[in-house]
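What follows is each chain in one-letter form.
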Amino acid sequence: MFTNTARIFLIGLFLAMGLFFSYEQVYQLMAVSLMFIVLLIWGYFKEGTVIMAAKSFHKKDYVRSEALLKQIANPGWLAKKRRGFYEFIMGGISLQKQDYDAAERHYELAAQFPLRSVNDHVAALVHVVNISIRQHNYDKAAAYIELANKHQEKINAKMKDVIAKLENELKQHK
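Residues numbered from 1 in each chain as written. Predicted model: local features only at pLDDT ≥ 70, side-chain atom pairs only at ≥ 80, totals over all residues. Heavy atoms only, no water.

Per the secondary structure count, the chain includes 9 helices and 0 strands. The globule rule puts the C-alpha radius of gyration for 174 residues at 16 Å, and the 21 Å found for the chain is more than 25% above it. Overall, the chain is about 75 × 30 × 25 Å in size when its C-alpha atoms are taken along their principal axes. As displayed, the chain has an accessible area near 10,400 Å², and 60% of this comes from carbon and sulfur atoms. Averaging the positions of the 23 positive and the 16 negative side-chain charges in the chain gives two centres separated by 4 Å. (Helix = DSSP H or I, 4+ residues; strand = E, 2+ residues; numbered from the N terminus. Rg over C-alpha atoms; globule rule 2.2 N^0.38 Å. Areas by Shrake-Rupley, 256 points an atom, 1.4 Å probe, with all protein chains shown as cover. Lys, Arg positive; Asp, Glu negative; His and termini not counted. Charge placed at Lys NZ, Arg CZ, Asp CG, Glu CD.)

Below, the structure written as structure tokens:
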């Protein structure tokens, strides 16, 4: 849960401590500082800044969320759960920018990864359905609404209502 700047600072600090402990011949503490360096590097590749971006996204600070997510050099290296959140948040940011093609792509990717709950997974599918209807891609919308309906017994009433509205809208266009 660090920014890249904080990670670099901490790695430098632990590296300096490791060198000092090596100079003082306290090898156990040197090993501990090296272990922290490895954990920080592992966290960069597997966790990234997704948690901090999610907090900013929840506060509707989309500029900060996007800046934090852009610190992730290769989203493909993130852990599966983090990758799902990464794509979900990027989809929301793209919606705010009214970049519907990018939003659709991110939400499609988010639906392929595990998210926090079934409602989040269905929300990603519903976003794809909504964007597909707006772009007059009704076949794709029908396919994704079918995927969303597979989770009908596990989702909350609000999500069921949204799906029903999208189904009615889709029926009107067909």
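With that out of the way, let us pick up the packing of helix α5 (residues 80-96) against helix α6 (residues 100-112). At their nearest, the axes of α5 and α6 sit 8 Å apart, and the two run at 160° to each other. Taken together, α5 and α6 sit at an angle that is classed as roughly antiparallel. In this structure, α5 meets α6 at a crossing whose hand is left-handed. When α5 is examined against α6, the residues R83, G84, E87, F88, M90, G91, G92, S94 and L95 are found in contact with a partner set consisting of Y100, A102, A103, H106, Y107, L109 and A110. Split into classes, the residues belonging to the contact of α5 with α6 amount to 9 nonpolar, 5 polar and 2 charged. (Axes fitted to C-alpha atoms, helices over the stretch in contact; angles between N-to-C directions. Parallel < 35°, antiparallel > 145°, perpendicular 65-115°, else oblique. Left-handed = near helix turned anticlockwise from the far one by under 90°. Contact = heavy atoms within 4.5 Å. Nonpolar A, V, L, I, M, F, W, Y, C, P; charged D, E, K, R; others polar.)

Once that is clear, we can look at the environment of I89. With respect to the helices and strands, I89 occurs in helix α5. C-alpha separation for the pair I89 and L69, spaced 20 residues apart in sequence, amounts to 8.7 Å. Those residues in contact with I89 that sit more than four places away from it in its chain are V50, A53, A54, F57 and L69.

For the rest of this paragraph, the subject is a nonpolar patch on the surface. A surface patch of nonpolar side chains, about 470 Å² in accessible area, is lined by V32, M35, F36, L39 and W42. By the element assignment, L39 lies in helix α2 (residues 27-46). (Patch = residues over 30% accessible without salt bridge, like charges linked within 9 Å, V, L, I, M, F, W, Y side chains within 5 Å. Salt bridge = Lys/Arg side-chain N within 4 Å of Asp/Glu carboxyl O.)

Applying the stated rule across the entire model yields 1 cavity of 30 Å³ or more. Size it by volume and the largest cavity reaches roughly 40 Å³. Contributing to the lining of the largest cavity are Y44, F45, I72, A73, N74 and W77. Split into classes, the residues belonging to the lining of the largest cavity amount to 5 nonpolar, 1 polar and no charged. (1 Å grid on protein atoms, 1.4 Å probe; cavity = no way out; pocket = protein on both sides within 12 Å on 5 of 7 lines; lining within 4 Å. Points joined across faces, edges and corners; volume = space filled by probe spheres on them.)

This paragraph deals with α5. With 17 residues, α5 extends 25 Å from end C-alpha to end C-alpha; this agrees with the ideal 24 Å at 1.5 Å per step. Burial analysis of α5 places 12 of its 17 residues in the buried class, the great majority of the element. Here α5 has its buried residues at R83, G84, F85, Y86, E87, F88, I89, M90, G91, G92, I93 and S94. Phi for Q98, located one or two positions after α5, is positive at around 60°. (Expected span 1.5 Å × (residues − 1). Buried < 20%, exposed > 50% of the residue type's maximum accessible area, 1.4 Å probe, protein only.)

Right, let's talk about helix α8 (residues 138-149) for a bit. Taking 1.5 Å of rise per residue, the 12 residues of α8 would be expected to cover 16 Å, and the 16 Å separating its terminal C-alpha atoms lies within 8% of that figure. Of the positions making up α8, those classed as buried are Y138, A141, A142, Y144, I145 and A148. Turning to α8, the residues buried within the fold contact α6, α7 (118-134) and α9 (157-173).

Within the structure shown, the criterion is met by 9 salt bridges. Residue K140 pairs with E104 through a salt bridge whose shortest N-O separation is 2.8 Å. Taken together, the positions of K140 in helix α8 and E104 in helix α6 put the pair 36 residues apart, joining distant regions of the chain. Relative accessible area serves as the criterion here: at 23%, K140 is assigned to the partly exposed category. For E104, a relative accessible area of 7% corresponds to the buried category. Between D161 and K165 there is a salt bridge, with the nearest N and O atoms lying 3.6 Å from each other. On the criterion of helical spacing, the pair formed by D161 and K165 is a turn pair, its members being 4 residues apart in helix α9. A relative accessible area of 40% places D161 in the partly exposed class. What emerges from the salt-bridge pattern is a single network uniting E66, K70 and K97.

Any functional reading would require information beyond the geometric quantities listed.
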